[in-house]
Amino acid sequence: MSVSPEIIVVGAGIVGAACALDLTREGLRTTVIEEGAPGAGTTAAAMGHIVVMDDSEAQFALTRYSQILWDELRGELPLNVEFENCGTIWVAADDEEMAEVRRKADYYQERGVRAEILSPASLREAEPHLRPGLAGGLLVQGDGVLYPPCAAAFLLHRAQELGAKVLLGKKVTNVGKGAVRLADGSALKANIVINATGQLAPRLTPGLNIRPRKGHLVITDRYPGTVRHQLVELGYLKSAHSLSSDSVAFNVQPRKTGQLLIGSSRQYGDENRAVDANILSRMLRRAFEYVPGLKGISGTRVWAGFRPATPDKLPLIGPAASDPSIYIAAGHEGLGITTSLGTARLVTAQILGQRPAIPMEPYLPTREMAVEHHNA
Amino acid sequence: MRDSAAREVTVRVNGRPVSVPAGASVAVAVLLAGRTCRTSVTGEARAPLCGMGTCFECRVTINGEAQRRSCQTLCQPDMEISAHE
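Residues numbered from 1 in each chain as written. Chains lettered and ligands numbered in written order. Predicted model: local features only at pLDDT ≥ 70, side-chain atom pairs only at ≥ 80, totals over all residues.

Visitor: Hey, could you run me through the pairing of strand E1 (residues 8–13) of chain B in this one?
Guide: Regular strands have side chains that alternate between both faces of the sheet. All names here are of chain B. Note: E1 against strand E2 (residues 16–21), six bridges, orientation antiparallel. Looking across to E2, one finds that Thr 10 is bridged to Ser 19. Between E1 and the antiparallel strand that follows it, E2, lie two residues; Asn 14 among them carries a positive phi value of about 50°. (Pairing = 2+ DSSP bridges. Helix = DSSP H or I, 4+ residues; strand = E, 2+ residues; numbered from the N terminus.)

In C-alpha cells, the structure reads:
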C-alpha cells in the first residue's frame, strides 16, 4: 500500500482498544470512536480471566495464541491492571468429571500447555476451602486474571501514544461506503471500518449472528487466601453449553486485592441490565456448594452484563459479507478479555494482506454458523 | 464496685486485654487499645469516620470473621478482635 488507508475502529472496549494498538503499531492511521467511556460496556462487566479453552480447535488456537500475547505484554502492564498468573483449577465433582479432567489434560499437554491432574488430596492442599469429597481437578498453571477496564484503558492509551486518535462521546449511526456517519450529522472518511461494538455489533452491521447473553457477578470484600486459583467447576461445560435455558455455574476468582469475584450465570432473552434476584441466588447457592465458607462473607457489589454470543461460540473476525471494507471484530462471548489481543493480530494481518500466525478461516464472518457440539 | 465490674466487658484487641463499659461497640475497644481499624489496599491505617455503619472504614476481624463493622458490633466477653497492626 503506497498511502496508508484511514481506519476507524468503532468501539473502545477491550477488543477495539487492542485493534487500535495493533494497527497503530503497524503504522496504520487509526481513529477510535466510542459512544461512552472506554471499556465501560461488556469489558467492565467481565471477570478478566485469561484462560486457554478447548471447546473446539479454533477456540483453543485463538485463546492459546492470545494468552501468549498477554504474557509478552505482561512486563508493560501498569499495576492497576492487576495482572496475576494465578492459574485455573477445573474442579471435578465426580468420576464423570474426572474423566473429563483426564481428557482435557491430554488435550492441553499434546498442544504444549502445562496442565497437572490433581488428586482429591492435592486439590485439598491447593484449595483448602473447597468442600470435602470432590473427585479432583486440573490445574492449568499458565492462566491468569486481570482487571479488564484498566487493561482496555492501557491498550487505548498506548495506541494514542503511537498516534491513534480517540473520539469519545460520539455515537456512530451508520458505517460503510467509505465513511462513518455520526448521530450529530457529521461524517468521517474511512477506507476501512472495524466494528468492535460487541453485543451491539448487529446495529451497525445488520445480519450478524450475535446475541446478548446476560451474566451476573458479585465482588466481595477482601478475604485474602480464601481461594488461590481461578476455580471453575467442570460442570460449567455442561451448563455453559446449553444454548436455550438459563444456567449457573461455580466460578470464583481471587483478585490481587484479596477480593473475590463470584460467578457465573448465563441467560438468553433477558435484555434488561437489572440484577435478577432469582438467578443471583441460584448462582450464589452454587458457589456455596463448592466453597461453603463463602456463605459468611460480605459482598460489596453485584452487577449484570451482556456477553456477545454467537451460535458456534467463536468470534466474528474479518470482512463483513455485506461490505468487505467493514471488518468485524465482535462476538467473543465470555472470552473477549483473553482473545482481544489475538483478534487484533488477525484483523491487522487481514488488512495488511499478511498471513496470520493462526488460521483465520474459523472466525471469518462469512463462515457457515452451524452450532457445534461440545466434545464431552 | 461489684456493680461497675458487672457493667464492664473484657475483650482482646490484637491479643491485649481491654475493658470497656457494657454496651460499648467494638470500635470503642479498638480505640481504647490505641489501635486503628482496617488496613487499606495500599497498607494504610483506617479508622471509623461515620460511626453509623455507612463508611465501612471501621472494619476489623472479630472472632476470626473478617470485615466486620466494629461500630455496629457490641463487645461481648472474651471477643478476639484483630485490627490494623
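Visitor: How should the packing of helix H3 (residues 57–73) of chain A against helix H10 (residues 336–352) of chain A be read in this particular structure?
Guide: How two helices sit against one another is set out by the angle between their axes and by the gap between those axes. Residue and element names in this part refer to chain A. Interhelical geometry of H3 versus H10 gives an angle of 95° and a closest axis separation of 7 Å. Judged on the interaxial angle alone, H10 and H3 are roughly perpendicular. On the side of H3, the interface is formed by Leu 62, Thr 63, Tyr 65, Ser 66, Gln 67, Leu 69 and Trp 70, while H10 contributes Thr 338, Thr 339, Leu 341, Gly 342 and Arg 345. (Axes fitted to C-alpha atoms, helices over the stretch in contact; angles between N-to-C directions. Parallel < 35°, antiparallel > 145°, perpendicular 65-115°, else oblique. Contact = placed C-beta atoms within 7 Å.)

Visitor: What exactly am I supposed to notice about the interface of chain B and chain A here?
Guide: Bring the parts together and some accessible area is lost; that lost area is often taken as the interface size. Counting residues at the interface gives four residues for chain B and six residues for chain A. The residue inventory of the side of chain B that touches chain A, partitioned by class, reads two nonpolar, one polar and one charged. (Nonpolar A, V, L, I, M, F, W, Y, C, P; charged D, E, K, R; others polar.)

Visitor: Would you mind going over the pairing of strand E16 (residues 259–268) of chain A with me for this structure?
Guide: Residue and element names in this part refer to chain A. For E16, the tally of buried residues reaches eight of 10 residues, placing the bulk of the element in the interior. Here strand E13 (residues 211–222) pairs with E16 via five bridges, running antiparallel. Following the sheet pairing, Ile 219 is matched in E16 by Leu 261. Sheet topology places strand E15 (residues 247–254) next to E16; six bridges connect them, and they run antiparallel. Across the sheet, the residue bridging to Asn 251 is Gly 263, located in E16. (Buried ≥ 20, exposed ≤ 12 C-beta atoms within 10 Å, placed from the backbone.)

Visitor: When you look at the environment of Trp 90 of chain A in this model, what are you seeing that I'm missing?
Guide: Residue and element names in this part refer to chain A. Tracing the backbone through its elements, the reader meets Trp 90 in strand E4 (residues 88–92). Look at Trp 90 and you get buried, because 24 C-beta atoms sit within 10 Å. For the pair Trp 90 and Ala 153, spaced 63 residues apart in sequence, the C-alpha to C-alpha distance is 30 Å. With residues near it in sequence (within four places) discarded, Trp 90 still touches Val 101, Lys 104, Gly 137, Leu 138, Val 232 and Leu 234.

Visitor: How should I be thinking about unusual backbone geometry in this particular structure?
Guide: Glycine aside, negative phi is the norm for most residues, and most peptide bonds take the trans geometry. Cis peptide bonds are those with omega within 30 degrees of zero, and the linkage from Gly 263 of chain A to Ser 264 of chain A qualifies with -5°. The backbone of Asn 63 of chain B shows a phi angle near 50°, a positive value even though the residue is not glycine. Positive phi is not limited to glycine here, since Asp 78 of chain B has a value of about 70°. Along the chain, Asp 78 of chain B turns up in the loop between strand E4 (65–69) and strand E5 (80–82). Assessed through the 11 C-beta atoms surrounding it within 10 Å, Asp 78 of chain B is described here as exposed.

Visitor: Is there a simple way to explain the environment of Val 30 of chain B in this structure?
Guide: Secondary-structure assignment places Val 30 of chain B in helix H2 (residues 26–32). Along the sequence, Val 30 of chain B and Val 13 of chain B sit 17 residues apart, while their C-alpha atoms lie 6.4 Å from each other.

Visitor: How should the confidence of the model for chain A be read in this particular structure?
Guide: For any part of a model where pLDDT is low, the fine detail of the predicted coordinates should not be relied upon. Per-residue confidence for chain A gives a mean pLDDT of 94, with 95% of residues at or over 70. In this model, residues 371–376 of chain A is a region of pLDDT below 50 whose contacts with residues beyond four sequence positions or in other chains number 11 contacts. (pLDDT = per-residue confidence, 0-100.)

Visitor: How do you make sense of the nonpolar core when you look at a structure like this?
Guide: Proteins that are soluble and globular tend to have nonpolar side chains buried together. If you look at the biggest cluster of nonpolar residues, it comprises 107 residues, and the most contacted ones within it are Val 10, Cys 19 and Ile 194 of chain A. Contact partners of Ile 194 of chain A, with chain neighbours within four places excluded, come to Ile 7, Val 9, Val 10, Cys 19, Tyr 327, Ala 329 and Val 347 of chain A. Of all hydrophobic cores here, the second largest spans 17 residues; its members include Val 11, Val 18, Cys 37 and Ile 62 of chain B. (Core = buried A, V, L, I, M, F, W, Y, C linked by C-beta atoms within 7 Å.)

Visitor: Help me out: how do you make sense of the confidence of the model for chain B in this one?
Guide: Across chain B, the average pLDDT comes to 93, with 93% of residues at 70 or higher. Interface confidence for the predicted complex, expressed as ipTM, amounts to 0.79; the pTM equals 0.91.

Visitor: What exactly am I supposed to notice about the sheet that holds strand E1 (residues 6–10) of chain A here?
Guide: Through backbone hydrogen bonds, the strands of a sheet pair up, either in parallel or in antiparallel fashion. All names here are of chain A. Reading across from one edge, E8-E2-E1-E12-E19-E18 is the order of the six strands in this open sheet, with mixed pairing throughout. Two strands in the sheet have a free side with no partner beyond their single neighbour: strand E8 (165–168) and strand E18 (316–319). Strand-to-strand twist across the sheet, computed as the mean angle between neighbouring axes with direction ignored, equals 15°. Lying on the sheet, helix H1 (residues 14–25) is in contact with E1, strand E2 (29–34), strand E12 (192–195) and strand E19 (326–330); it crosses E2 at an angle near 165°.

Visitor: Whenever I open this one, the sheet that holds strand E9 (residues 172–176) of chain A confuses me. Can you help?
Guide: Residue and element names in this part refer to chain A. Here three strands make up an open sheet; going across it, the order is E9-E10-E11 and the pairing antiparallel. Of all the strands in the sheet, just E9 and strand E11 (187–189) have a single pairing partner and so form its edges. Neighbour to neighbour, the strand axes of the sheet diverge by 15° on average, direction disregarded. Sheet analysis places E9 next to strand E10 (residues 179–182), joined by four bridges and oriented antiparallel. Directly across from Val 172, in E10, lies its bridge partner Leu 182.

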